[in-house]
Amino acid sequence: MEYTPPPLFKQGASARAKMLIFALIALGLLMADSHLKALAVVRQAVGVALYPLQVVAMLPRDAFFATTDYFSSLASLKVENARMKEQQVLNAQQLQQSQILLAENAHLRKLLAASERLTLKSVMSEILYDARDPFSRKVIIDRGSSHGIAAGQPVIDDLGVVGQVTRVFPFTAEVTLLTDKDHAIPVQVLRSGVRSVAYGRGQSNVLELRFMASNADIQKGDVLLTSGIDGVYPSGLAVATVASVDTKTSDAFARILCQPSAGVSRHRQLLVLLAEAKDLPPPPPEANPQTEPRKRRKDQETP
């Protein structure tokens, strides 16, 4: 059955007629806009009017993307910063040893080639906390015997020598700093080549060159490097800078104070050099008191 409203309720054109009319209007507008560009101003006006609505509608999406980018950028920056710090500390040994290479090149120009230098293995570590003893200068690092750490190994950072491993545990180790009152390290002046021993002074955070003559060729600002004669620290590592030289003392020795080069108080990353102890040369054979006179007598009889 066909349900159609009574003629009394029929108003206006039919739906098909309306669709045809609007289709013709749309086609006319398209033709006018494509040929005459008549609707460009209208389009711009509509775009300006709708722009605030578009901005408001895009706020949740922009906020989500901004938050995601912020946290991802922050995480990537932290990773990159940690990687750069580790790389900086890893390059500390080569950068510091280049100073002694330059000094040797200036003093030994007749050499045709530089001697090869041993590259030591190293382990990256981080300072956990300071030792509990208030009268010592020691720190605890997060590497131990399970990571190849052994007592006596030198510890450096990107600026210079930090200290030496003194006690080792399975997962941690104790490092005695250069400024500890019981610590001493053989050093050499980069400018003049004078050798000495730098001693720590405890809480004063400075080093002292003891038993140096008043006329020793050491000046304020001189750089001290490891001499390597102790067999513990590789030669050419930065140790300290001479801060003051006082030759007007009551005794025959000068009072020389130095500022350590290492920056333990500024960062926490350290590098432990896995230096192997070098074999000491065998001691000379002891003379036998019973055979020595017989040997001398035999030498005298021989023409």
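Residues numbered from 1 in each chain as written. Predicted model: local features only at pLDDT ≥ 70, side-chain atom pairs only at ≥ 80, totals over all residues. Heavy atoms only, no water.

1. Concerning the sheet that holds strand S2 (residues 138–141)
What holds strands together in a sheet is hydrogen bonding between their backbones, with the strands either parallel or antiparallel. Put simply, the rule reads: We treat two strands as partners when DSSP finds at least two bridges between them. Numbering goes from the N terminus for both helices and strands, where a helix is a DSSP run of H or I of at least four residues and a strand is a run of E of at least two. To obtain an axis, a line is fitted to C-alpha atoms, over the contacting stretch when the element is a helix, and the angle between two such axes runs from 0 to 180 degrees between their N-to-C directions.
The antiparallel closed barrel is built from six strands, whose spatial order is S1-S2-S5-S4-S3-S12. Pairs of neighbouring strands in the sheet enclose a mean axial angle of 45 degrees, with direction left out of account. Across three bridges, strand S1 (residues 122–130) lies against S2 in antiparallel orientation. Bridge assignment links Tyr 129 to a residue of S2, and that residue is Ile 140.

2. Re the nonpolar core
Condition: Within this scheme, the nonpolar core is defined by two criteria: the residues are buried Ala, Val, Leu, Ile, Met, Phe, Trp, Tyr or Cys, and they are joined through side-chain atoms within 4.5 Å. Each residue is assigned to one of three classes by its accessible area relative to the maximum for its type, calculated with a 1.4 Å probe on protein chains only: buried under 20%, partly exposed between the two thresholds, exposed over 50%.
Among the nonpolar cores identified, the biggest contains 26 residues, and Val 161, Ile 185, Leu 209, Leu 224, Val 239, Ile 256 and Cys 258 are the most heavily contacted of them. At the level of elements, strand S6 (184–189), strand S8 (207–213), strand S10 (238–246), strand S11 (253–260) and strand S12 (269–273) are the ones that each hand at least two residues to this core. Judged by nonpolar contacts, the second largest core, of 14 residues, contains Ile 141, Val 162, Ala 173 and Leu 270.

3. Side note on the packing of aromatic side chains
The criterion, for reference: Classification of ring pairs uses Phe, Tyr and Trp, with its six-membered ring standing for Trp, and accepts pairs whose centres are within 6.5 Å; under 30 degrees between planes counts as stacked, over 60 as edge-to-face, and the remaining range as tilted.
Going through the model one piece at a time under the given rule, you end up with three aromatic pairs. Here Phe 64 and Phe 65 contribute two aromatic rings whose centre-to-centre distance is 5.9 Å and whose plane-to-plane angle is 50 degrees, an arrangement assigned as tilted.

4. Brief notes about the sheet that holds S8
Around the barrel, six strands lie side by side as S6-S7-S8-S11-S10-S9; this closed barrel has antiparallel pairing. Direction aside, neighbouring strands of the sheet carry axes that sit 40 degrees apart on average. Here S6 runs beside strand S7 (residues 195–200); their pairing, made up of five bridges, is antiparallel. Looking across to S7, one finds that Ile 185 is bridged to Ala 198.

5. What about the pairing of strand S9 (residues 223–226)?
Note: S6 against S9, three bridges, orientation antiparallel. Bridge pairing links Gln 188 to Leu 225 in S9. When S9 meets S10, the two strands line up antiparallel, connected through three bridges. Opposite Leu 224, over in S10, you have Ala 240 as the bridge partner.

6. Some thoughts on the confidence of the model for the chain
Worth spelling out the cut-off: What pLDDT reports is the predictor's confidence in each residue, on a scale of 0 through 100. Any two residues whose heavy atoms approach within 4.5 Å at even a single point are treated as in contact.
Chain-level statistics for the chain give a pLDDT mean of 78 and a share of 79% at 70 or above. Confidence drops under pLDDT 50 across residues 110–118; counting only partners more than four residues distant or on other chains, this segment forms five contacts. Predicted confidence is poor over residues 277–303, with pLDDT under 50, and the contacts of this stretch with residues over four places away or in other chains come to one contact.

7. Here's the deal with the environment of Val 155
Among the secondary structure elements, Val 155 is positioned in strand S3 (residues 154–156). Val 155 gets classed as buried once you look at its relative accessible area, which sits at 0%. Along the sequence, Val 155 and Leu 178 sit 23 residues apart, while their C-alpha atoms lie 10.0 Å from each other. Contacts of Val 155, omitting those with residues within four sequence positions, involve Val 161, Val 162, Gly 163, Val 165, Val 175, Leu 270, Leu 271 and Val 272.

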